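Results of the structural survey
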Number of protein chains: 2
Amino acid sequence: MTTPAAIDFYFDFSSPYGYFAAEQIDALAARHGRPVRWQPILLGVVFKTVGTAPLPSIPVKGPYSLHDIGRTARYLGVPYRHPGRFPLPTQQAGRAFTWLAERAPALARDFARATYRAYFTADRDISDLGVVLDVAAGLGVDADELSAALADAALKARFKAAVEAALARGVFGSPFVIVDGEPFWGSDRLPQVDRWLAEGGF
Amino acid sequence: MTTPAAIDFYFDFSSPYGYFAAEQIDALAARHGRPVRWQPILLGVVFKTVGTAPLPSIPVKGPYSLHDIGRTARYLGVPYRHPGRFPLPTQQAGRAFTWLAERAPALARDFARATYRAYFTADRDISDLGVVLDVAAGLGVDADELSAALADAALKARFKAAVEAALARGVFGSPFVIVDGEPFWGSDRLPQVDRWLAEGGF
């Protein structure tokens, strides 16, 4: 029996819609017997490539988007509190995820979900190294070991390479899901992902 | 017994997602006993205000969007054939709608749906006056009378004013639905519109 192919889930830790997808993607994929490969990206790098900008900075559309985020959270039944600092840099969280994923992928996913909840339900500043270490420590990770790893230039390079590989695959937003080569952008496309997995395309 | 308040449906005739919403909005609103007020807008005017650009012109996101449009049409079960010329100017269609709506709102809605189908299923150039007149004639409209009306500067001014009024209400994309003051952007928000109408908010 062959292992079913993983689906790819790309997200930025500063993306509310990425958080909404993170709360749903594993259960969705599991209904179709598929594992999920989680990969954080950096929207700042994406925006430079695609020429777009962070939502809050766009006139008219920006304020609407903040409203839509809160409403979509209620629609999905996902707890949400808009952070005081938004968006923010997510390199530290991305590198910590990378280091954890190299050791224990399931733990890395738990870290990703816990980091999202720290940011989007408890307004913790996840750009801060201390907060990242604290979230990881809450999952049983040795904070000193992780802290030393995060200072390692080689880890930074591995995360950077992973972000560049995502962009090379055409990833340009968060969340972004790829199922057997088929790209889906946005948490509002998860119903399409669900049908795609059920029917093998449509 | 008071008449239930209409919901507002804004769309550009060159917008595929506007077409998808046009195929669904009346039935959706009718399930909740609500009439729909249709109002064409001009995305070109919106883009100048918001500083965004037509989808196809955006790197990476543009090609994805064309792919997403075709897939979303299949997902919704709406017939779709991507037009050879896309996007295109929709002033003539917008003015014709305005003139028809002043006389017979139901006929204007039929004209809007027929114009969308001419463009997005039969690849007809709806920026062309002759095509607009032909679509209207197919619904029993006197083409000579409509043609004379479309040359009238006062009609142009009335449509322009309606587009500006939409922008002043915060409309910045197509489709855009406003339910009792609550704004929804995108055909993928129709499930939220549905619940909003059912529950009076959430």
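Position numbers for residues start from 1 in each chain and track the written sequence from start to end. Chain labels run from A onward and ligand labels from 1 onward, assigned in the order the entries are written. In keeping with the predicted nature of the model, local features appear solely for residues at pLDDT of at least 70, side-chain atom pairs appear and are counted solely at 80 or more, and the whole-chain, interface and lining totals rest on all residues. Each side-chain value is derived from all of the structure's non-hydrogen atoms; neither hydrogens nor water enter the calculation.

1. What about the side chain of E182 of chain A?
Each helix is a run of DSSP H or I of at least 4 residues and each strand a run of E of at least 2, with the numbering of both proceeding from the N terminus. Along the chain, E182 of chain A turns up in strand β4 (residues 182–185). Only protein chains enter the area calculation, which uses a 1.4 Å probe; residues under 20% of their type maximum are buried, those over 50% are exposed, and those in between are partly exposed. For E182 of chain A, a relative accessible area of 10% gives the class buried.

2. Digging into the environment of D68 of chain A
Structurally, D68 of chain A is set in helix α4 (residues 61–76). Considering only alpha carbons, one finds D68 of chain A and Y19 of chain A, 49 residues apart in sequence, at a separation of 14 Å. Note on contacts: a residue pair qualifies if any of its non-hydrogen atoms lie within 4.5 Å across the two residues. If near-sequence neighbours (up to four positions away) are discounted, D68 of chain A is found in contact with Y17 of chain A together with R189 and Q192 of chain B.

3. Points about the pattern of salt bridges
In what follows, salt bridge is the name for a side-chain nitrogen of Lys or Arg lying within 4 Å of a carboxyl oxygen of Asp or Glu. Applying the stated criterion to the full structure yields 36 salt bridges over all chains. Two residues, K160 of chain B and E164 of chain B, come together in a salt bridge whose shortest N-O distance is 3.4 Å. Taken as a pair, K160 of chain B and E164 of chain B lie in helix α9 (residues 153–168) at a separation of 4 residues, close to a single helical turn. Linked through salt bridges whose partners overlap, the residues forming this network are D68, R71, E182, D188 and R189 of chain A together with D68, R71, E182, D188 and R189 of chain B.

4. Structural notes on the relation of the copies chain B and chain A
Here the copies were fitted onto each other by least squares, based on C-alpha atoms from residues at pLDDT of at least 70 in both. When chain B is brought onto chain A, the operation consists of a screw motion whose angular component is 180° and whose axial shift is 0.0 Å, with 0.0 Å RMSD remaining. Expressed as an axis order, the relation between the two copies is that of a two-fold axis. Proximity to the rotation axis, assessed at the C-alpha, singles out D188 of chain B in chain B; its C-alpha lies 3.3 Å from the axis. With an isologous cut-off of 70% or more, the 100% of interface residues of chain B that recur at the interface of chain A puts this contact in the isologous class.

5. Quick word on the packing of helix α5 (residues 91–103) of chain A against helix α9 (residues 153–168) of chain A
Residues and elements named next belong to chain A. All axes here are fitted lines through C-alpha atoms, helices being fitted over the stretch that makes contact, and every angle between N-to-C directions spans 0 to 180 degrees. Look at α5 against α9: their axes get within 9 Å of each other, and the N-to-C directions meet at 95°. As judged from the angle between their axes, α5 and α9 are roughly perpendicular. Judged by residue contacts, Q91, G94, R95, T98, W99 and E102 of α5 engage L155, K156, R158 and F159 from α9. Amino acids are sorted into nonpolar (Ala, Val, Leu, Ile, Met, Phe, Trp, Tyr, Cys and Pro), charged (Asp, Glu, Lys and Arg) and polar (every other residue, Gly among them). The residue inventory of the contact of α5 with α9, partitioned by class, reads 3 nonpolar, 3 polar and 4 charged. Angles are sorted into four bins: roughly parallel if under 35 degrees, roughly antiparallel if over 145, roughly perpendicular if 65 to 115, and oblique for all others.

6. Topic: the pairing of strand β1 (residues 7–11) of chain B
All names here are of chain B. Buried residues dominate β1, accounting for 5 of its 5 residues. Neither face of β1 is left uncovered, since the one carrying I7, F9 and F11 and the one carrying D8 and Y10 both have all their residues buried. In this scheme, strands are said to pair when DSSP sees at least two bridges between them. As paired elements, β1 and strand β2 (residues 36–40) share 5 bridges and run parallel to each other. Counted as the bridge partner of D8 is R37 from β2. In terms of strand pairing, β1 meets strand β3 (residues 176–179) through 3 bridges, oriented antiparallel. Within the sheet, the bridge partner assigned to D8 lies in β3 and is I178.

7. Points about the sheet that holds strand β2 (residues 36–40) of chain A
The strands making up a sheet are joined through hydrogen bonds of the backbone, oriented either antiparallel or parallel. Residue and element names in this part refer to chain A. A sheet is described by the order of its strands in space; here 4 strands give the open sequence β2-β1-β3-β4, paired in mixed fashion. Because the sheet does not close on itself, it has two edges, and the strands there are β2 and β4. Recorded for the sheet is a direction-independent mean angle of 20° between the axes of neighbouring strands. Two strands pair when backbone bridges link them, and strand β3 (residues 176–179) and β4 are joined in this way by 4 bridges, in the antiparallel orientation. Counterpart to F176 in the pairing with β4 is W185.

8. Details of the packing of aromatic side chains
Any aromatic ring pair is given by two values, namely how distant the centres are and how the planes are angled relative to each other. Note on aromatic contacts: the rings of Phe and Tyr and the six-membered ring of Trp form a pair at centre separations within 6.5 Å, being stacked when their planes are under 30 degrees apart, edge-to-face when over 60 apart, and tilted otherwise. This model, assessed by the stated rule, comprises 50 aromatic pairs over all chains. Considering the side-chain rings of F20 of chain B and Y80 of chain B, the 5.8 Å spacing of their centres and the 65° angle between planes classify their relative orientation as edge-to-face. Of the two residues, F20 of chain B is situated in helix α1 (residues 16–22) and Y80 of chain B in the loop between α4 (61–76) and α5 (91–103); the sequence distance between them amounts to 60 residues. Owing to a relative accessible area of 0%, F20 of chain B belongs among the buried residues under this scheme. Across from the ring centre of F202 of chain A, 5.4 Å away, lies the NZ or CZ of R195 of chain A, which sits over that ring. The criterion for a charge sitting over a ring is simple: Lys NZ or Arg CZ within 6 Å of the ring centre, and within 35 degrees of the ring normal.

9. Focus: the interface of chain B and chain A
Frequently, the measure chosen for interface size is the accessible area removed from exposure when the parts meet. In this assembly, 27 residues from chain B lie in contact with 27 residues from chain A. Carbon and sulfur atoms make up 57% of the area that chain B and chain A hide from each other, which totals about 2,800 Å². Among the residues chain B hides against chain A, the three largest losses belong to Y64, R71 and Y75 of chain B. Together they make up 23% of the total. Across the chain B-chain A interface, the total number found is 6 salt bridges. Side-chain atoms alone can form a polar contact between residues adjacent in sequence; in general such a contact is a pair of N or O atoms within 3.5 Å, and within protein one must be able to donate a hydrogen while the other accepts it. At the surface where chain B touches chain A, the tally comes to 20 residue pairs in polar contact (both at pLDDT 80 or more). Contributing elements (two or more residues each) for the side of chain B that touches chain A: α4, β4 (182–185) and α10 (190–199) of chain B. At 8 residues, the largest contribution of residues to the side of chain B that touches chain A is made by α4 of chain B. In the side of chain B that touches chain A, the residues fall into 14 nonpolar, 5 polar and 8 charged. When two parts are put together, the accessible area they lose, computed with a 1.4 Å probe and summed over both, is reported as buried area.

Everything listed here is a matter of coordinates, which is why it stays silent on function.
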